[in-house]
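# Structure assessment
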Amino acid sequence: MKIINLLNNDRCTLSFEVFPPKVSSSFDEVKPAIEKIAQLKPSFMSVTYGAGGGTSRFTLDIAEDIRNRYSVPTMAHLTCVSSTRETVLEKINELKKAGIQNVMALRGDLTPEMKLSDAKHWDYSHAVDLIRELKNSGADFCIGCACYPEVHPESQHQTDDIFYLKEKVDAGCDFMTTQMFFDNNLLYNFLYKIREAGITAPVVPGIMPITRAIQLKRAIELSGSFIPQRFKAMVDRFGGDDRAMAQAGIAYATDQIIDLYANGVKHVHLYTMNKPEIARAVMNNLSSIIGK
Ligand SMILES: NC(=O)C1=CN([C@@H]2O[C@H](COP(=O)(O)OP(=O)(O)OC[C@H]3O[C@@H](n4cnc5c(N)ncnc54)[C@H](O)[C@@H]3O)[C@@H](O)[C@H]2O)C=CC1
Ligand SMILES: Nc1nc(=O)c2c([nH]1)NC[C@@H]1CN(c3ccc(C(=O)N[C@@H](CCC(=O)O)C(=O)O)cc3)CN21
């Protein structure tokens, strides 16, 4: 099932992101958690590739497994920044052979050793290069890419960021998933601006439930997202109590999602952080709204 077909359908979707284990030894721990998340029957699931510094070895295995055993459409992430063309072509071939129909084409996070000034020596500098490679592969992939309601941290101006986003969509990206954000108004402003720039493909907002105070630091490092005062107050007040923080974080994410659906957004992607109980709680809170 191509994700773009789900997104073009009239029904609302709620989809989940999971990540492969950081080290091979924790595969047996992570797998049951991912299976529990698949059993919730989200509209689709995405499996990251080396996100936040994790391993990429298992992305394909996990994506295939979810699709085959749980009949949940899957999207495999693929990044290109640290890879040679040979490796990327090999990965694309593996995706093709496994019958993976949906690929999230990302540049990938720069590790501390990578410098943007070295980009001229890399086979791929930007996600658009990977999108073009996927298009040239001859496989008819449905392609997703990332977009940034609050501007990518490496971009000086939002106009540049939106220009490059348009380049990705023009190169053949079918839909976009957003970076996490904690203030919906930032998303609504962004949607207005990209539509005005002529980008018409569907946008799936990405929502990250923050259920432990320590998660917030990492989330801000990765995204640079703005933290509203009421979110800060929540973490200050409940951050020291695991159960209270989980409850508050789930309620905050639920509230954000309800506001999105209420304002005409039809699709939401949840960064589950491999936590079935969090994915389940958010989904239960929305059961009548999304008809699950
Ligand atoms: N779910 C996930 O796994 C997500 C991961 N990310 C991560 O965010 C990072 C950025 O990845 P992408 O958005 O795929 O990268 P990208 O290549 O689309 O953009 C990266 C930066 O380069 C700029 N840029 C893009 N094309 C350019 C061009 N042709 N010339 C000059 N500048 C250009 C962009 O404006 C942006 O500032 C990655 O680390 C990615 O893995 C972001 C969102 C979601
Ligand atoms: N720049 C960027 N890179 C990403 O990989 C990424 C984004 N943004 N935004 C959307 C999602 C969210 N992702 C995330 C978000 C948080 C962690 C994180 O907190 N990782 C912890 C370990 C968590 C665990 O193992 O349970 C870490 O310490 O890295 C990882 C990936 C992956 N995606």
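Residues numbered from 1 in each chain as written. Chains lettered and ligands numbered in written order. Predicted model: local features only at pLDDT ≥ 70, side-chain atom pairs only at ≥ 80, totals over all residues. Heavy atoms only, no water.

Under an unreviewed UniProt entry, the name given to the protein is Methylenetetrahydrofolate reductase, and the source organism is Ruminococcus difficilis. One UniProt comment on the protein, placed under Sequence similarities (unreviewed entry), says "Belongs to the methylenetetrahydrofolate reductase family." Its UniProt record gives the protein the following Cofactor (unreviewed entry) comment, quoted word for word: "FAD". (UniProt positions renumbered as here; feature names shortened; annotations may be inferred.)

### A look at the overall build of the protein
Secondary structure summary: the protein contains 12 helices and 9 strands in total. Relative to a compact globule of 292 residues, whose C-alpha radius of gyration would be 19 Å, the protein shows 18 Å and is just as compact. The 292 residues of the protein split such that 53% are buried. A sequence separation of at least 24 residues applies to 80% of the contacts in the protein between residues at least 6 apart. Element-wise, carbon and sulfur atoms account for 49% of the exposed surface of the protein, whose accessible area totals about 14000 Å². Averaged over its 33 positive side-chain charges, the protein has a centre that lies 4 Å from the centre of its 34 negative ones. (Helix = DSSP H or I, 4+ residues; strand = E, 2+ residues; numbered from the N terminus. Rg over C-alpha atoms; globule rule 2.2 N^0.38 Å. Buried < 20%, exposed > 50% of the residue type's maximum accessible area, 1.4 Å probe, protein only. Contact = heavy atoms within 4.5 Å. Areas by Shrake-Rupley, 256 points an atom, 1.4 Å probe, with all protein chains shown as cover. Lys, Arg positive; Asp, Glu negative; His and termini not counted. Charge placed at Lys NZ, Arg CZ, Asp CG, Glu CD.)

### Concerning helix H11 (residues 276-285)
Think of an α-helix as turning once every 3.6 residues; residues three or four places apart then point the same way. Residues of H11 that are buried include every one of Pro276, Ile278, Ala279, Val282 and Met283, and no others. For H11, the angular spread of buried residues about the axis comes to 165 degrees, placing them on one side. Here the buried face of H11 lies against strand S1 (13-18), helix H2 (27-39), helix H10 (242-262), strand S9 (267-271) and helix H12 (287-290). (Arc of directions from axis to C-beta.)

### What to know about helix H4 (residues 85-97)
Taking 1.5 Å as the rise per residue, H4 with 13 residues should run 18 Å; its terminal C-alpha atoms sit 18 Å apart, in good agreement. Listing the buried residues of H4 in full gives Val88, Ile92 and Leu95. Mapping the buried residues of H4 onto a view down its axis gives an arc of 60 degrees, with all of them on the same face. Exposed side chains of H4 directed beyond 90 degrees from the buried face belong to Glu86 and Lys97. In this structure, the buried residues of H4 make contact with helix H3 (59-70), strand S3 (74-79), strand S4 (102-106) and helix H5 (127-136). (Expected span 1.5 Å × (residues − 1).)

### Observations concerning unusual backbone geometry
With a phi close to 55 degrees, Lys41 is a non-glycine residue in the positive phi region. One can find Lys41 in the loop between H2 and strand S2 (45-47).

### Considering the site of ligand 2
Close to ligand 2 lie 13 residues, the nearest being Lys22, Asp109, Gln179, Arg218 and Leu222. In this structure, Asp109 approaches ligand 2 through a side-chain N or O atom, which is 2.7 Å from a nitrogen atom. Within the side chain of Arg218, an N or O atom sits 2.9 Å from an oxygen atom of ligand 2. In the complex, the protein chains occlude 75% of the 670 Å² of accessible area that ligand 2 would expose alone. For the shell around ligand 2, the residue count by class is 7 nonpolar, 2 polar and 4 charged. (Near = heavy atom within 4 Å. Polar contact = N/O pair within 3.5 Å; in protein donor to acceptor, adjacent residues only side chain to side chain. Nonpolar A, V, L, I, M, F, W, Y, C, P; charged D, E, K, R; others polar.)

### Some words on the site of ligand 1
For ligand 1, the set of nearby residues contains 17 residues, the closest of which are Gly108, Asp109, Tyr148, Asp161 and Lys168. Within the side chain of Ser155, one N or O atom sits 2.8 Å away from an oxygen atom of ligand 1. Here Glu167 contributes a side-chain N or O atom positioned 3.2 Å from a nitrogen atom of ligand 1. Surface burial for ligand 1 is 87%, taken as the share of its 820 Å² of free accessible area covered by protein chains. When residues of the shell around ligand 1 are assigned to their parent elements, the largest contribution, 4 residues, is made by helix H6 (residues 158-170).

### Observations regarding the packing of helix H7 (residues 184-196) against H10
Across the interface, H7 lies against H10 with an axial gap of 10 Å and an inter-helix angle of 35 degrees. As for the relative orientation of H7 and H10, their crossing is right-handed in sense. Of the residues in H10, those touching H7 at Asn184, Leu187 and Tyr188 are Gln256, Asp259 and Leu260. Class assignment of the residues belonging to the contact of H7 with H10 gives a composition of 3 nonpolar, 2 polar and 1 charged. (Axes fitted to C-alpha atoms, helices over the stretch in contact; angles between N-to-C directions. Left-handed = near helix turned anticlockwise from the far one by under 90°.)

### Here we look at the sheet that holds S1
In space, the 9 strands of this open sheet follow the order S7-S6-S5-S4-S3-S2-S1-S9-S8, with parallel pairing throughout. Of all the strands in the sheet, the pair left with one neighbour each is strand S7 (203-204) and strand S8 (206-207). Of the pairings in the sheet, the one linking S4 to strand S5 (residues 142-147) comprises 3 bridges and is parallel in character. Of the residues in S5, the one forming a bridge with Met104 is Gly144. (Pairing = 2+ DSSP bridges.)

### Quick notes on the pairing of S5
Judged by how many residues are buried, S5 sits mostly within the fold: 6 of 6 residues are covered. Alternating positions in S5 separate into two faces, Cys142, Gly144 and Ala146 on one and Ile143, Cys145 and Cys147 on the other, with burial throughout. One crossover worth recording links S4 to the parallel S5 by way of H5, and it is right-handed. Pairing analysis gives 4 bridges linking S5 to strand S6 (residues 175-178), with the strands arranged parallel. Across the sheet, Cys147 pairs through a bridge with Thr178, a residue of S6. Once the chain exits S5 it traverses H6 before rejoining the sheet at S6, and the crossover so formed is right-handed. (Right-handed = clockwise from strand over helix to strand, strands pointing away.)

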